[in-house]
Amino acid sequence: MRKKIVAGNWKMNTTVPEGVELAKAVVAGAANVPADVKLIIATPFTHLCPVAEVVKGSVVALSAENCADKEKGAYTGEVSAAMLASTGCQYTILGHSERRQYYGETDAKLVEKVKLALANGLDVILCVGENLEEREAGKHFEVCGNQIKNVLYNFTAEEMAHIVIAYEPVWAIGTGKTATAEQAEEIHAFIRITIADKFGVQVAEDTSILYGGSCKPSNAKELFAQKDIDGGLIGGAALKADDFIAIALSY
Ligand code: 13P
């Protein structure tokens, strides 16, 4: 059965001491969250080691926000999947729209990144989503479908057990403009069908598909109530432990 997941993506926010305090507050609040809702925090690379110490022994899992598309070597400034795994983190986000938009992340690079993350024992939160222009042109199904096919169709059903998908419409990220529950549900259902087409119904049913984009305590309940929405990938609201926990309590 697929997991309910509430994951916080801190993006490029907080210093290390601030991040440690935020993680401590999340761990404290996690005590109230039902055991069937998995909590994940995704922090900048610099925060992973100290935050790993904070979440150790708690129900909160730790994620990175990206990893290199190369195994190791002369790639100045990059951080490999093996390095991430050695910090104690269990997940990495890959393919966030901000990385696609600002850092030239292509589906081909993502295939390499997903391969390396899985090979190093990390689970992957793969982001897909259309931008405003694509949404207005009615291309959102096509765009998300292609992102899924170009990346995930290169993997096996067994590997899919270690992959979570996050649907994040770019026009809803950080804009305060949330997709309606109906808009989100129709894409989530479509993504699940796209997974079923390649891997079969059981794999599709077992894959968690999260919604991301201005998700907050006031709208999480309605979104999470949708049949194909299995939780959220939270940006801004994950920077306040109370809001992040309130979102998790919306389940
Ligand atoms: P916001 O919740 O700030 O819109 O960000 C969503 C997101 O990009 C999570 O990865």
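So, a few notes on the structure that sits alongside this text. As the structure is a computational prediction, the values presented were derived from the model and not from experiment. Counting starts from 1 at the beginning of each chain's written sequence and moves along it residue by residue. Local features are withheld for residues below a pLDDT of 70 in this predicted model, meaning they are given only at 70 or higher, and side-chain atom pairs are given and counted only at 80 or more; totals for whole chains, interfaces and linings count all residues. The side-chain quantities take in all heavy atoms of the structure and omit both hydrogens and water.

### So, the overall build of the chain
Inference 1: Think of it this way: any DSSP run of H or I at least four residues long counts as a helix, any run of E at least two long counts as a strand, and we number them from the N terminus. Counting its regular elements, the chain contains 12 helices and eight strands.
Inference 2: In this description the radius of gyration comes from C-alpha coordinates, and the expected globular size is given by 2.2 Å times residues to the power 0.38. The globule rule puts the C-alpha radius of gyration for 251 residues at 18 Å, and the 17 Å found for the chain is close to it.
Inference 3: Projected onto its principal axes, the C-alpha positions of the chain cover 45 × 45 × 35 Å.
Inference 4: A total of 251 residues make up the chain; the buried ones form 53% of that total. To sort residues, take the accessible area from a 1.4 Å probe on protein chains only and compare it with the maximum for the residue type: under 20% means buried, over 50% means exposed, and anything in between is partly exposed.

### Here's the deal with the environment of D243
Inference 1: On the secondary structure map, D243 appears in helix α12 (residues 241-248).
Inference 2: Of the residues examined, D243 reaches a relative accessible area of 27% and is grouped as partly exposed.
Inference 3: Ignoring any residue separated from it by four or fewer positions in sequence, one finds D243 in contact with P217 and A237. In this description, contact between two residues means that some pair of their heavy atoms is separated by no more than 4.5 Å.

### Remarks on the site of the ligand
Inference 1: To be near a molecule or strand, a residue needs just one of its heavy atoms within 4 Å of it. For the ligand, the full set of nearby residues is N9, K11, H96, E168, A172, I173, G174, G213, S214, L233, G235 and G236.
Inference 2: Counting of polar contacts relies on pairs of N or O atoms within 3.5 Å, with two restrictions inside protein: one atom must be capable of donating a hydrogen and the other of accepting it, and residues adjacent in sequence are counted only when both atoms are side-chain atoms. Separating an oxygen atom of the ligand from a side-chain N or O atom of N9 is a distance of 3.0 Å.
Inference 3: The separation between an oxygen atom of the ligand and a polar main-chain atom of G235 is 2.9 Å.
Inference 4: Protein chains bury 95% of the 310 Å² of accessible surface belonging to the ligand in isolation.
Inference 5: In this classification, the charged set is Asp, Glu, Lys and Arg, the nonpolar set is Ala, Val, Leu, Ile, Met, Phe, Trp, Tyr, Cys and Pro, and all remaining amino acids, among them Gly, are polar. The residue inventory of the shell around the ligand, partitioned by class, reads three nonpolar, seven polar and two charged. All accessible areas in this document rest on Shrake-Rupley with a 1.4 Å probe, and a residue is counted as covered only by the protein chains that are shown.

### Concerning the packing of aromatic side chains
Inference 1: Pairs were defined over the aromatic rings of Phe, Tyr and Trp, the Trp ring being its six-membered one, requiring ring centres within 6.5 Å. Orientation was assigned from the angle between planes: stacked under 30 degrees, edge-to-face over 60, tilted for the rest. If you walk through the whole model with that rule in mind, you get five aromatic pairs.
Inference 2: Aromatic side chains Y102 and Y103 sit 6.5 Å apart centroid to centroid with 85° between the ring planes, which places their arrangement in the edge-to-face category.
Inference 3: You can call Y103 exposed: its relative accessible area is 54%.
Inference 4: Relative to F199, the ring of Y153 has its centre 6.2 Å away and its plane inclined at 90°; by these criteria the two rings are edge-to-face. You can see Y153 sitting in the loop between α7 (140-152) and α8 (157-160) and its partner F199 sitting in helix α9 (residues 181-199), a full 46 residues away along the chain.
Inference 5: F199 gets classed as buried once you look at its relative accessible area, which sits at 12%.
Inference 6: Geometry around Y251 places K4 over its ring, the cationic atom sitting 4.9 Å from the centre. Put simply, a charge is over a ring when the Lys NZ or the Arg CZ is close to the ring centre, within 6 Å, and near the line of the ring normal, within 35 degrees.

### Considering the packing of α7 against α9
Inference 1: Lines fitted to the C-alpha atoms define the axes, with helices restricted to the stretch that makes contact. Angles between their N-to-C directions range from 0 to 180 degrees. Where α7 contacts α9, the axes come no closer than 10 Å and their chain directions differ by 35°. At the point where α7 passes α9, the crossing takes the right-handed sense. On the side of α7, the interface is formed by H140, F141, C144, G145, I148, K149 and L152, while α9 contributes E186, I187, F190, I191, T194, I195 and F199.
Inference 2: Considering only residue class, the contact of α7 with α9 consists of nine nonpolar, three polar and two charged. Left-handed describes a crossing in which the near helix is turned anticlockwise from the far one by less than a right angle; the clockwise case is right-handed.

### So, the sheet that holds strand β5 (residues 123-128)
Each strand in a sheet pairs with its neighbour through backbone hydrogen bonds, running either in the same direction (parallel) or in the opposite one (antiparallel).
Inference 1: Any two strands are treated as partners once DSSP identifies two or more bridges connecting them. Strand order in the closed barrel formed by eight strands is β1-β2-β3-β4-β5-β6-β7-β8, with parallel pairing between adjacent strands. Averaged over all pairs of adjacent strands, the angle between their axes in this sheet comes to 30°, without regard to strand direction.
Inference 2: Both β5 and strand β6 (residues 163-167) contribute to a ladder of five bridges, which runs parallel. Residue C127 lies in a different strand from β6, and its bridge partner there is A166.

### Comments concerning the side chain of S63
Inference 1: With respect to the helices and strands, S63 occurs in strand β3 (residues 60-64).
Inference 2: For S63, a relative accessible area of 0% gives the class buried.
Inference 3: At a separation of 3.3 Å, a polar atom in the side chain of S63 contacts the main-chain carbonyl oxygen of Y91.
Inference 4: The residues touching S63, leaving out its near neighbours within four places in the chain, are I40, I41, A42, T43, L48, C89, Y91, T92, I93 and I125.

### Comments concerning the packing of helix α1 (residues 16-30) against α12
Inference 1: At a minimum axis separation of 9 Å, α1 and α12 run at an interaxial angle of 35°. The hand of the α1/α12 crossing is right-handed. Two secondary-structure elements touch here, α1 through L22, A25, V26, G29 and A30 and α12 through A241, F244 and I245.
Inference 2: Class assignment of the residues belonging to the contact of α1 with α12 gives a composition of seven nonpolar, one polar and no charged.

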